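# Structure assessment
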Amino acid sequence: MKITEFFDRNEKTFSFEFFPPKDEISAVDFGINVGQLLKLDPSFVSVTYGAGGSTQERTFALVDYLQNKIGLTTMAHYTCVNATHDKVISDIGHLKTIGIENLMLLRGDPPKGKADSFNKDSSFQHASDLIPLARSLHPFSIGAAAYPEKHPEAQTLKEDLEHLLLKYEAGADFLLTQLFFDNEAYYKYVTLARNKGINCRIIPGIIPITSYKQIQKFTAMTGAYVPTALADKIKTYADNPEKIYQTGLDFAIKQCIELLEWGAPGIHFYTLNKSRATIEIYETLPKSLKS
Ligand code: FAD
């Protein structure tokens, strides 16, 4: 099923993002966690591609499994950084053949420590170069990335929004945001996007903070602003994992409720292949905000 069908029916979407497990033990852990998450009956699930060094073949195998063996509406992430035209055509053709109807199309990043390997002559410099090609191959539902606190490479939010408009005009059906903790940034961003004529859904991406190390890693990676009160509380509990977990959970629940009350069209959960926090958040959300 295409994700846009939810939009046609005016339904909110609640979705889970996974990454392909790296080894056998992680695969068992993944199976247990995903089994729990599926009880929540997500609108769709998505699988990252090449992120954090995971292999690209595993993404294809996992989307095939989730779509065809488990029967979930599944979205494959796909990045074009340093890819050749032939590889892109072949990969997207493969995804189409295995019945994937939803693609999250991204530029991606060169491997860590190999920023120089970015091929400036490739015909794919940006996600906006990939979207029209995919669209010409099949009527996929297409998602693209949005950054309420701007992409780290962009000089200004204004400049980044110009580029977001290019992705929208190139054919993105919806946008999924980078993780953030400051709802005000999302509200302002959506308003600015609407003023630019970007009228598709901008679905907030939410990550529950579950450990001190994790928050340090993600804020360093994305530049996301952590509200001072939250950062202070987490620092105080640095040696108490269960307190940090509960603080992160309470924050994420409040964040999701406020986003949905504001009018967000659903929530995309960065699950990190874990189920506990996402289940607790989703089950706490009032029913009235889920439809
Ligand atoms: P782009 O849209 O190309 O933007 C990158 C930079 O270039 C921005 O600064 C932008 O302002 C600028 N820009 C964009 N278009 C143009 C243009 N036409 N001309 C000039 N400048 C332009 N990474 C992975 O490796 N695998 C994943 O599965 C993955 N999933 C993700 C899912 C989500 C929801 C998000 C938010 C990110 C994900 N990423 C993933 C990370 C992403 O690949 C990186 O953030 C990457 O640096 C940018 O990808 P993009 O598609 O946003 O790039």
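Further up the page is the structure itself.
Residues numbered from 1 in each chain as written. Predicted model: local features only at pLDDT ≥ 70, side-chain atom pairs only at ≥ 80, totals over all residues. Heavy atoms only, no water.

## Quick word on the site of the ligand
- If you check the shell around the ligand, you find 26 residues, and the closest are Asp109, Tyr147, Asp160, His163 and Lys167.
- Within the backbone of Ala127, a nitrogen or oxygen atom sits 3.2 Å from an oxygen atom of the ligand.
- Within the side chain of Ser128, one N or O atom sits 3.3 Å away from a nitrogen atom of the ligand.
- Surface burial for the ligand is 87%, taken as the share of its 970 Å² of free accessible area covered by protein chains.
- Listing elements by their share of the shell around the ligand, those giving two or more residues are β3 (74-79), β4 (102-106), α5 (127-137), α6 (157-170) and β6 (174-179).
- With 4 residues, the top contributor of residues to the shell around the ligand is α6.
- Across the shell around the ligand, the residue classes break down as 11 nonpolar, 10 polar and 5 charged. (Near = heavy atom within 4 Å. Polar contact = N/O pair within 3.5 Å; in protein donor to acceptor, adjacent residues only side chain to side chain. Areas by Shrake-Rupley, 256 points an atom, 1.4 Å probe, with all protein chains shown as cover. Helix = DSSP H or I, 4+ residues; strand = E, 2+ residues; numbered from the N terminus. Nonpolar A, V, L, I, M, F, W, Y, C, P; charged D, E, K, R; others polar.)

## Focus on the packing of α5 against α6
- Between α5 and α6, whose axes approach to 8 Å, the crossing angle comes to 5°. Classed by the angle they form, the pair α5 and α6 counts as roughly parallel. Between α5 and α6, the contacting residues are Ala127, Ser128, Ile131 and Pro132 on the first element and Leu166, Lys167 and Ala170 on the second.
- Partitioned by chemical class, the residues of the contact of α5 with α6 number 5 nonpolar, 1 polar and 1 charged. (Axes fitted to C-alpha atoms, helices over the stretch in contact; angles between N-to-C directions. Parallel < 35°, antiparallel > 145°, perpendicular 65-115°, else oblique. Contact = heavy atoms within 4.5 Å.)

## Quick word on the packing of aromatic side chains
- Scanning the entire structure with this criterion turns up 12 aromatic pairs.
- Taking the centre distance of 5.4 Å and the plane angle of 70° together, the rings of Phe14 and Tyr282 count as edge-to-face. One end of the pair, Phe14, is in strand β1 (residues 13-18); the other, Tyr282, is in helix α11 (residues 276-284), and 268 residues separate them in sequence. Tyr282 shares its class with Phe14; the two are buried.
- Judged by centre distance (4.6 Å) and plane angle (20°), the rings of Tyr187 and Trp262 are stacked. Taken together, the residues span a long stretch of sequence, with Tyr187 in helix α7 (residues 183-195) and Trp262 in helix α10 (residues 241-262) at a distance of 75 residues. (Phe/Tyr/Trp six-rings, centres within 6.5 Å; stacked < 30°, edge-to-face > 60°. Buried < 20%, exposed > 50% of the residue type's maximum accessible area, 1.4 Å probe, protein only.)

## Regarding the environment of Ile244
- When you line up the elements, Ile244 lands in helix α10.
- Its relative accessible area of 1% is what places Ile244 among the buried residues.
- Separated by 32 residues in the primary sequence, Ile244 and Tyr212 have C-alpha atoms spaced 7.1 Å apart.
- Look past the residues within four positions of Ile244 in its chain and what remains in contact with it is Ile209, Thr210, Ser211, Tyr212, Ile234, Tyr237 and Ala238.

## A look at the sheet that holds strand β8 (residues 266-270)
- In spatial order, the strands read β1-β2-β3-β4-β5-β6-β7-β8; together these 8 strands close into a barrel with parallel pairing. Direction aside, the axes of adjacent strands within the sheet are offset by 25° on average.
- Note that β3 and β4 share 5 bridges and pair parallel. The residue bridging Met75 from the neighbouring strand is Asn102, located in β4. (Pairing = 2+ DSSP bridges.)

## Let's talk about the pattern of salt bridges
- This structure, assessed with the given rule, holds 10 salt bridges.
- The residue Arg107 makes a salt bridge to Asp109 at a minimum N-O spacing of 3.0 Å.
- Salt-bridge contacts for Glu162 lead to Lys196; the nearest nitrogen and oxygen are separated by 2.9 Å. Of this pair, Glu162 sits in helix α6 while Lys196 sits in the loop between α7 and β7 (201-206), and the two are 34 residues apart along the sequence.
- A relative accessible area of 34% means that Glu162 is categorised as partly exposed.
- The class for Lys196 is partly exposed, based on a relative accessible area of 31%. (Salt bridge = Lys/Arg side-chain N within 4 Å of Asp/Glu carboxyl O.)

## Regarding the side chain of His151
- As for its placement among the helices and strands, His151 is situated in the loop between β5 (141-146) and α6.
- By relative accessible area, His151 is classed as buried at 15%.
- Excluding its chain neighbours within four sequence positions, the residues that come into contact with His151 are Arg107 and Asp160.

## Some points on the pairing of β1
- Burial analysis of β1 places 6 of its 6 residues in the buried class, the great majority of the element.
- The alternating pattern of β1 places Thr13, Ser15 and Glu17 and Phe14, Phe16 and Phe18 on opposite faces, both of which are buried.
- Across 5 bridges, β1 lies against β8 in parallel orientation. Looking at the pairing, Phe14 lines up with Ile267 of β8.
- The pairing of β1 with strand β2 (residues 44-47) spans 4 bridges and is parallel. For Ser15, the partnering residue across the bridge sits in β2 and is Phe44.

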